[in-house]
Amino acid sequence: MIRRVGRLLATAMGLGLALPVAGQYLTGIVNSNYAGTQSVYRHPSEVVDSRYRLYLNLASFDLYAANNYVRWVAPFSFPRYLTGNIPNQYRAERGRSLRQTGYMEEQLNGRDKRISIGGEVRGPSALVNLNDRFAVAGMTRIRTGISMRQVSEEMARLMLNGTQILEQQRKVFENQSGYANLNAYGELAGTFGAVLLDNDDRFWKAGLTVKRLIGLYNTHMVVNDGAHEIVRDPNQIGFQALMIRKFNGVYGYTSQGAFESAGLSPAWLLGGRSAGGGWGFDLGMTYEYRPEIRKYTYREKGELRRDPTKNKYLYKISASLVDIGGIRYRNAGYVNLYDVDAANKLITNTTFRDAKSPDEIQNRIVDVLDLNPAQKRTSFRSGLPTALNVSVDYRVQEKVYLGGLWTQSLKPAQSVAMMVPSMVAVVPRWESRWVELAVPFTLQDNYTLFTVGLAARLGPVFIGTDHLGGLTTIGKPRGANLYAGAAIPLFRKGPVNPNKCFFPPQEGGYWKRFGRRR
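All figures in this text were calculated on a predicted structure; none of them were measured in a lab.

Glancing now at the overall build of the protein. In terms of regular secondary structure, the protein is built from eight helices and 25 strands. Split into buried and exposed, the 518 residues of the protein put 56% on the buried side. A total accessible area of about 22100 Å² is found for the protein, and carbon and sulfur atoms account for 58% of it.

In this section: a nonpolar patch on the surface. Together, Tyr394, Val396, Leu402, Trp406, Val424, Val426, Phe441, Leu443, Tyr447 and Phe450 make up an exposed nonpolar region whose accessible area comes to about 850 Å². Of all the secondary-structure elements, those providing two or more residues to the nonpolar patch are strand E17 (387-397), strand E18 (400-409), strand E19 (423-431) and strand E21 (441-444). For Val426, the location among the structural elements is in strand E19.

Averaged over every residue, the pLDDT of the protein is 86; residues scoring 70 or more account for 89%. The model gives residues 1-23 a pLDDT under 50, and that stretch makes 88 contacts with residues more than four places away or in other chains. Here residues 506-518 is a poorly scored stretch, pLDDT under 50, and it has 31 contacts once near neighbours within four places are set aside; other chains count.

Below, the discussion takes up the environment of Val396. Assignment of secondary structure puts Val396 in strand E17. When the C-alpha atoms of Val396 and Arg429 are compared, they prove to be 10.0 Å apart, with 33 residues separating the residues in sequence. Beyond its immediate chain neighbours, meaning those up to four positions away, Val396 contacts Tyr401 and Leu402.

Bringing helix H8 (residues 358-368) into the picture now. By the burial criterion, the buried members of H8 are Gln362, Ile365, Val366 and Val368. Of the residues trailing H8, Asp370 is marked for its positive phi of about 55°.

This brings us to the packing of aromatic side chains. Under the counting rule described, the total for this entry stands at 13 aromatic pairs. Between Tyr52 and Tyr55, the aromatic rings sit 4.9 Å apart at their centres with planes inclined by 50°, giving tilted as the arrangement. Of the two residues examined, Tyr52 and Tyr55, each falls in the buried class. Put simply, the rings of Tyr34, Tyr52, Tyr55, Trp434 and Phe491 touch in pairs and so form one group of aromatic residues. Geometry around Trp279 places Arg212 over its ring, the cationic atom sitting 5.1 Å from the centre.

Once that is clear, we can look at the pattern of salt bridges. Scanning all chains against the criterion turns up 35 salt bridges. A salt bridge links Lys211 to Asp323; the shortest N-O distance between them is 2.6 Å. With Lys211 in strand E8 (residues 202-232) and Asp323 in strand E13 (residues 315-329), this residue pair connects regions lying 112 residues apart in the sequence. By sharing partners, the salt bridges in this structure join Glu120, Arg122, Arg141, Arg143, Glu187, Lys211, Asp282 and Asp323 into a single network.

Looking at the secondary structure, you find Ser318 in strand E13. Within the local environment of Ser318, its side chain forms a polar contact with the side chain of Thr286, the two groups lying 2.8 Å apart. Setting aside residues up to four positions removed in sequence, Ser318 forms contacts with His43, Glu46, Met285, Thr286, Asn389, Val390 and Ser391.

With that settled, consider the nonpolar core. Ranked by size, the top nonpolar core spans 37 residues in total, and within it Trp72, Phe76, Phe247, Tyr251, Val340, Leu369 and Leu371 carry the most contacts. Apart from the residues lying within four places of it in its own chain, the contact partners of Leu369 are Ile244, Phe247, Val340, Ala342 and Lys345. Grouped together as the second largest cluster of nonpolar side chains are 16 residues, Tyr34, Val47, Val195 and Ala487 included.

Along the chain, Arg143 falls in strand E6 (residues 134-151). On the basis of relative accessibility, which here comes to 1%, the residue Arg143 falls in the buried class. Within polar-contact distance, the side chain of Arg143 engages the side chain of Tyr185 at 2.9 Å. At 3.1 Å, the side chain of Arg143 forms a polar contact with the side chain of Asp323.

To continue, consider the pairing of strand E7 (residues 172-199). Taken together, the 16 bridges between E6 and E7 define a ladder with antiparallel strand orientation. Paired with Val136 across the two strands is Phe192, which belongs to E7. In this sheet, E8 lies alongside E7 in antiparallel orientation, the contact comprising 24 bridges. Note on E8: the bridge partner recorded for Phe192 is Leu208. Once E7 ends, the chain turns through two residues before running back antiparallel as E8, passing Asp200 with a positive phi of about 55°.

Okay, unusual backbone geometry next. If you check the backbone angles, Asn175 has positive phi at about 55° while not being a glycine. For Asn175, the position within the fold is in strand E7. Given the relative accessible area of 65%, Asn175 is considered exposed. In this structure, Tyr447 is a non-glycine residue whose phi angle is positive, near 65°.

Counting buried positions along strand E14 (residues 335-342) gives six out of eight residues, so the element sits mostly inside the fold. Where strand E9 (residues 240-254) lies against E14, eight bridges are found, and the strand directions are antiparallel. Within the sheet, the bridge partner assigned to Gly252 lies in E14 and is Leu337.

Here we come to helix H5 (residues 153-161). Among the nine residues that make up H5, eight are buried, leaving the element largely enclosed by the rest of the structure. Three or more residues of H5 are buried, namely Glu153, Met155, Ala156, Arg157, Leu158, Met159, Leu160 and Asn161. Two residues or fewer after H5 comes Gly162, characterised by a positive phi angle close to 70°.

Moving on, we come to the environment of Ala35. Note that Ala35 resides in the loop between helix H1 (2-18) and helix H2 (37-42). Spatially, the C-alpha atom of Ala35 lies 9.2 Å from that of Ser50, the residues being 15 residues apart in sequence. Dropping the residues within four chain positions of it, Ala35 is found in contact with Ile29, Val30, Tyr52 and Tyr55.

With respect to the helices, strands and loops of the structure, Leu410 is situated in the loop between E18 and E19. Each C-alpha atom of the pair Leu410 and Asp323 lies 10.0 Å from the other, and the pair is 87 residues apart in sequence. In contact with Leu410, other than residues within four places in its own chain, are Leu321, Thr386, Ala387 and Leu388.

Thresholds applied
- Residues numbered from 1 in each chain as written.
- Predicted model: local features only at pLDDT ≥ 70, side-chain atom pairs only at ≥ 80, totals over all residues.
- Heavy atoms only, no water.
- Helix = DSSP H or I, 4+ residues; strand = E, 2+ residues; numbered from the N terminus.
- Buried < 20%, exposed > 50% of the residue type's maximum accessible area, 1.4 Å probe, protein only.
- Areas by Shrake-Rupley, 256 points an atom, 1.4 Å probe, with all protein chains shown as cover.
- Patch = residues over 30% accessible without salt bridge, like charges linked within 9 Å, V, L, I, M, F, W, Y side chains within 5 Å.
- Salt bridge = Lys/Arg side-chain N within 4 Å of Asp/Glu carboxyl O.
- pLDDT = per-residue confidence, 0-100.
- Contact = heavy atoms within 4.5 Å.
- Phe/Tyr/Trp six-rings, centres within 6.5 Å; stacked < 30°, edge-to-face > 60°.
- Lys NZ or Arg CZ within 6 Å of the ring centre and 35° of its normal.
- Polar contact = N/O pair within 3.5 Å; in protein donor to acceptor, adjacent residues only side chain to side chain.
- Core = buried A, V, L, I, M, F, W, Y, C linked by side-chain atoms within 4.5 Å.
- Pairing = 2+ DSSP bridges.

Quick look at the structure:
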């Protein structure tokens, strides 16, 4: 089993080399004025004053992974390794564990290790501009992620290399710690946005998103104080085993039936049929400075209007708190939570032999740690990846913009929650109604990894990555990502006569005239 865990972690860390450091970024797309619902996930205020009358997201995805432990050093990219499209001289390595091929280089510096893997699928969603002042959106998505945080280097080496690494054998490693979470949940969201103030060159708007969360699956482990030793397997000559000298912490999980019972019935979406449920919220505001607003102002049928087809700001600043809330898992038929205080427990090469399902693996962990079912609890909470998002966008000239993005995670590393690593990015882009190109420069993975990406939009389709190096062999990458999507865009209509787009200044500003019907 230790060897199998090593293979799994090696592949997972490899994915961290080839697939963003965290999802929900879409750094090359979200600042666009034509991002539709994609920008609403980052800033709910972006739902209103959109260039779209109606934006229908058909489907989009974001795959991500990263780590600070290993780098990809193979003479070909990790995506080529995954697909088997590698040079013939390396094909003999294809079936071997990644840690045996030498394609990954450990970063041994005595620091704690972390890994983030996962993705999300954004399903059918719609953004609707009701009028010049109000807009709404309805969105669906499924999010999943694996994160390991503050894992001691010795424990990370054990998970990667198994029990076969010689320098770790016959040594007791004490004061070990770490936090691991596997989360999967569905999300149904509704967003409402409104213009708060339109006073000539000053423009404010705000938005609020309410989310219904449905828990699909969760496993988490907290090691507060641990010790382990690699010993000789007492039952198999020539094999090694893992002796858990101490494990003080928490172990919780939902059974696979929680995932298998997933459906779209009201009882599952809103009732107690799922493993757990909860609510989440996003809220934010946007300020735009519009020094040339008169160029975009006109009268039509006796009403004063702004041209809805044009971007009117010189610069804009957005700030949002996203993913406030969490999921309470409390279905007694699916939920298991144990406090662990174990000592001198042996895991051998046969402990997990023939375990073919998640439930079988979970039950064997319970057995090997000698956890008492009578002390099992049937409720725990898993938090959302709460974060602060700040964005700035500056119009350099017509169709040329310079954007800035900042995401600061607000979740402690010890949380039972999905996590979003902090990042900051600068994103120059060229955009028009049907074509767009962006080049994000990002400091990712809690500001420790510099990456260069590329994103493009052509009509209703977009594709991008925030880490070109992870999709190639540039610079021994340790993180990357890929995102893409397709939509049906219906644009708003401008004035019938473009020459009408000028309105002379009037005393009191535009806000004085804002009480009219719009």
